[in-house]
Each structure stands twice: as C-alpha cells, then as structure tokens.
Amino acid sequence: MTHRKTLIAVSVALMAVISSVTGLNVAQPDLAAEFGASQSTVLWIINVYVLTLSALLLPLGAVGDRWGRKPVLVAGLVVFGVSNVIAGVAQSVELVLAARVLSGIGAATIMPVTLAVITSTFPERERGRAIGVWTGVAGGGGLLGMFLSAVLVDWASWRYLFVLPVVLVVVALVMTTRSVPDSREAAEHPFDVVGSVLSGVTVAGLIFFLHEGSVISLVAGVAAGVAFVAWELRQSAPLLDVRLFRERGLADGSAVLVTVFGVQAGVSIVLYPYFQTVLGWSGLLATVALLPMAGSMMVASGLAPRLAERIGPRATTATGIALGGAGLALMAVLVSAGGYPAILPGMIAMGVGTGLSMPPATEAITGALPRERQGVASALNDVTRELGTALGVAFLGALVARTVDAGGSFVDGWRTAMWAGVALMAVLLVTAVRAARATSPAGSPRTSSR
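Residues numbered from 1 in each chain as written. Predicted model: local features only at pLDDT ≥ 70, side-chain atom pairs only at ≥ 80, totals over all residues. Heavy atoms only, no water.

Chemist: Sorry, what's going on with the packing of aromatic side chains here?
Modeler: The geometry of two aromatic rings is summed up by the distance between their centres and the angle between their planes. Inspection of every chain in the model, using the stated rule, returns 9 aromatic pairs. Relative to Trp281, the ring of Phe275 has its centre 5.3 Å away and its plane inclined at 20°; by these criteria the two rings are stacked. Judged by relative accessible area, which is 0%, Phe275 ranks as buried. Here Trp281 falls in the partly exposed class, since its relative accessible area comes to 24%. Seen in terms of ring centroids, Phe275 and Tyr340 are 5.7 Å apart; in terms of plane orientation they differ by 70°. Their pairing is edge-to-face. Here Tyr340 lies in helix H13 (residues 340-367) and Phe275 lies in helix H10 (residues 248-278), a separation of 65 residues in the sequence. Judged by relative accessible area, Tyr340 falls into the buried class, the value being 18%. (Phe/Tyr/Trp six-rings, centres within 6.5 Å; stacked < 30°, edge-to-face > 60°. Buried < 20%, exposed > 50% of the residue type's maximum accessible area, 1.4 Å probe, protein only. Helix = DSSP H or I, 4+ residues; strand = E, 2+ residues; numbered from the N terminus.)

Spelled out as structure tokens, the structure:
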C-alpha cells in the first residue's frame, strides 16, 4: 500500500508538469487578444517553458540525487505552484513570460525526481509495473491536459488553465509529505558545474533550433555538446558518464524513446489541424478526437511490464514498434476514405504500440546507470523524450507544410507525414529485432550493479 501511495503521489506531480507542456496551445488567440501580443510572443510564452525544462533536466536530476529526492521534489512543487499562480494573475506579457521560465525551473526539478523515486525505492518485482504507470502518465498526460485546457478556455477563461496545475501541485504536495520516502546518495565528489552548464547549453541550443530554425543556436548546441562529451570523458565523477552509451540497453532505449516520442508527437501535431482544417471541427472536438490514442497509450503502458515478464522487454518493445508502424500505415491508407472512423483504428494501434514500447525503453535507460545516479538516469530519459518530441514536430510538421506549399492538399501532406513515420518505425523495428536476437532468451538488458 505504501508503494502504491508513493506511485500515485509522483504520478500526480508528473501530470502537473506534463499537462502544462500542451495546455496553453489551445489559448493562443486568447493570449494574443489579452495582451495585444504578436504570434511570435505568444509562441514564446508556450515554448519558453519547454526550453527551460529541457535545459535544466540533467543538472537538477543530479541535485535530487545529492540533496535528497523528497525535499527536492517538494521544493520543485512549491516553485511550480507559485509560478502558475503568478502566471494566472499576471497583467503583463513580461510577467507571464517570467512566470513560465520559473515554471520550467520547477518542472525540471520535479520531472526527473518522480522517476528516480520509483527506480531507487521500489523493489525489483514492482519496479517495472510502476515505470509502466509513469510512462503512461508521461505519454498520455499531454493530450489529457490539452483536453481539459480546451474545456476551460471554451467555458471560462485562459487564466483558468493555470488552476489545474496548482490543484495537482497541492494534491501532490500533501501526498508527497505523507507517502514519498526520502532517498539520497552520498556525495563523494564535487558537483559537476561545468558539465551541468554545457549540458544545459547543448539541450537549449538544439531545442531552440528545432523550434525556431536558428542556425546560431544549432552551432552553439553542437559546439556545447562536443565540449560536454570531451569534458565528461576527463572527469572521475562526471554528470553523465557518456561511456555508458556503449551499453546496448542505454543506447537502444534512448533510440526507441527519441523515435517513438518523435513520431507520436509529430502525428499528434498533424492530426489536430486535420480535424480542424479538413473535417471542420472545433478545437475542443478535435482535442476530444485525440483522446482514444492517449487512452490506449496509457492502458498499454500499464500492460507492457506484464507482457515483458512473459516474452522479454526487447520483444515487447519490438511488438510495440511494429504496432505503431502498422497504425501509421493504416491512417495513411485509409485517410482517403474520409472521416474520423476511417483513421480511428490506426490511431488506437498507434497508441497501443507507443504504450507497449515506452516502459521497456525507459527501464533500459534507468537500469544502465547505478543507483546513485538515478536522478541523472531519469533526467536523461526525460531529455531524450523532449528532444524526440521536438524533432518529430519539426520534421513531420515540415513535411506537411512543404507539400501544401508545393501545391498539394493538406491530406496529401498528411499522408506523406504518415508514411515518413512508418519508415522511421521500420528502421527502429529492424534495430530492435536485431538487438533482441543478440541478447539472451529472457531479453533482459545488461544493467549496472545497484
């Protein structure tokens, strides 16, 4: 029962963070009208949260390992809650932007700790299933947050979008103080400040490039990434031991999450305007139409650990990838039939496939790093997801835009994006099958001793 309460507490905290990633997307016209802001400024209000969150995940994950995961989680929840209150009552766009930056700092403190609590405190027999719940919330929480946000915008005001995270924070704070055990690791070496700065610049530069197309940010991100690797290789206690990527579990798990989350996010960003542009639906109805994919993803994430116990984690991952690719192919073929019922089976297959592949990949990443580095392992998992999401949105969204700009219809561009997703999943599936054949019959990835 204690572990169940702990899992609920960290899941509620994670839902607060994830719901804030997509929540403001449905309020763009309202924000522009409220503050007389340009579209560029409105997008900054949305994206600065993700940018701050992504850049600070690795260093703040390491802070949780050192200072104690429970107090760091509580501190992150307080910062996140206060920042959302400020954003909700702000009377200027500058204050909203500042509040969103502060909110990103709080989110970057919360997110890696929630998974680190699971991987460092749950016994091995329960860990896989708990990770399945965590990945289900992480994968489907964004769409659920978008739905609730659309309801609030349509029926009340955009300012109420910040009420949901605050309510979740209050619930998470109460449950955390009562049910989350404190765990920390002895710090025998100084904190890797240089590695933390370089990792932040790397992730921020790459994410900013994917959102804005800035060549300068790409150069800065790549240069910082090269410097980060060089620096970490020279350290006796690096922020992230990059040599661990030689381990098949860590490398394969990262590749799976980048691709699966990229395709899932790209498909979602393409489906939403399809419902509005082609089918003529409202924003709220379009959001409701995405819920079957989110729901099937969350259910499958909960079932994935049980399937992994029977056929092995790598086989479970490969099954999920194959189902996800099949769902994309179904949507590409059946979209010409028109209407929502034609693409619904493909959406559900995509959701189930994504849900099955995420928990084993997440466990492979966290299992590749020792117990004292679980905050960093969790942060690496989160960074991988964020980079994959940004890549998928940029790549699949660009395919649709280029097709339309070349004189094709939106449906033509939509179909092109689906087939591109199929190709990516096919490459990933081949890699996963080869990895499964190269491992033991149990398919268990190698893990570092804890």
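Chemist: What should I look at first to understand the confidence of the model for the chain in this one?
Modeler: Low-pLDDT portions of the prediction should not be read for the details of their coordinates. Looking at the chain, pLDDT values average 86 and 95% of them are 70 or higher. In the model of the chain, helix H6 (residues 124-155) stands out as the element of lowest mean pLDDT, 84, in contrast to helix H4 (residues 69-89), which has the highest, 95. Scored below 50 in pLDDT, residues 440-450 makes 24 contacts in the model with residues more than four places away or belonging to other chains. (pLDDT = per-residue confidence, 0-100. Contact = heavy atoms within 4.5 Å.)

Chemist: Sorry, what's going on with the pattern of salt bridges here?
Modeler: A side chain of one charge can pair with a side chain of the opposite charge when the charged atoms of the two come close. Counted under the stated rule, the structure contains 7 salt bridges. The partner of Glu309 in a salt bridge is Arg129, and the shortest N-O contact between them spans 3.3 Å. Taken as a pair, Glu309 in helix H11 (residues 283-311) and Arg129 in helix H6 lie far apart in primary sequence, 180 residues in all. A relative accessible area of 52% means that Glu309 is categorised as exposed. (Salt bridge = Lys/Arg side-chain N within 4 Å of Asp/Glu carboxyl O.)

Chemist: How should I be thinking about the side chain of Arg159 in this particular structure?
Modeler: For Arg159, the position within the fold is in the loop between H6 and helix H7 (163-179). Each residue touching Arg159, except ones within four places of it in the same chain, is listed here: Glu34, Phe35, Ala87, Gly88, Val89, Ala90 and Gln91.

Chemist: Can you walk me through a nonpolar patch on the surface in this structure?
Modeler: On the surface, Tyr160, Val163, Val167 and Val171 cluster together into a nonpolar patch covering about 330 Å² of accessible area. As for its placement among the helices and strands, Val171 is situated in helix H7. (Patch = residues over 30% accessible without salt bridge, like charges linked within 9 Å, V, L, I, M, F, W, Y side chains within 5 Å. Areas by Shrake-Rupley, 256 points an atom, 1.4 Å probe, with all protein chains shown as cover.)

Chemist: Could you clarify how one ought to interpret the packing of H6 against H10 in this entry?
Modeler: Think of two packed helices as two axes; the pair is described by the angle between the axes and how far apart they sit. Taken N-terminus to C-terminus, the directions of H6 and H10 make an angle of 20°; their axes are 11 Å apart at the nearest point. Taken together, H6 and H10 sit at an angle that is classed as roughly parallel. Along this stretch, H6 crosses H10, giving a crossing that reads as right-handed. Here Gly139, Leu143 and Met146 of H6 come into contact with H10, specifically with Phe261, Gln264, Ser268 and Tyr272. Of the residues that constitute the contact of H6 with H10, the class distribution is 4 nonpolar, 3 polar and no charged. (Axes fitted to C-alpha atoms, helices over the stretch in contact; angles between N-to-C directions. Parallel < 35°, antiparallel > 145°, perpendicular 65-115°, else oblique. Left-handed = near helix turned anticlockwise from the far one by under 90°. Nonpolar A, V, L, I, M, F, W, Y, C, P; charged D, E, K, R; others polar.)

Chemist: Just to check I follow, could you spell out H10 for this structure?
Modeler: Each α-helix turn comprises 3.6 residues. Residues three or four places apart therefore point the same way. With 31 residues, H10 extends 43 Å between its outermost C-alpha atoms, agreeing within 8% with the 45 Å of an ideal straight helix rising 1.5 Å per residue. Counting buried positions along H10 yields 22 of 31 residues, so the element is predominantly enclosed. Downstream of H10 by a residue or two, Gly280 has a phi angle that is positive, lying close to 75°. (Expected span 1.5 Å × (residues − 1).)

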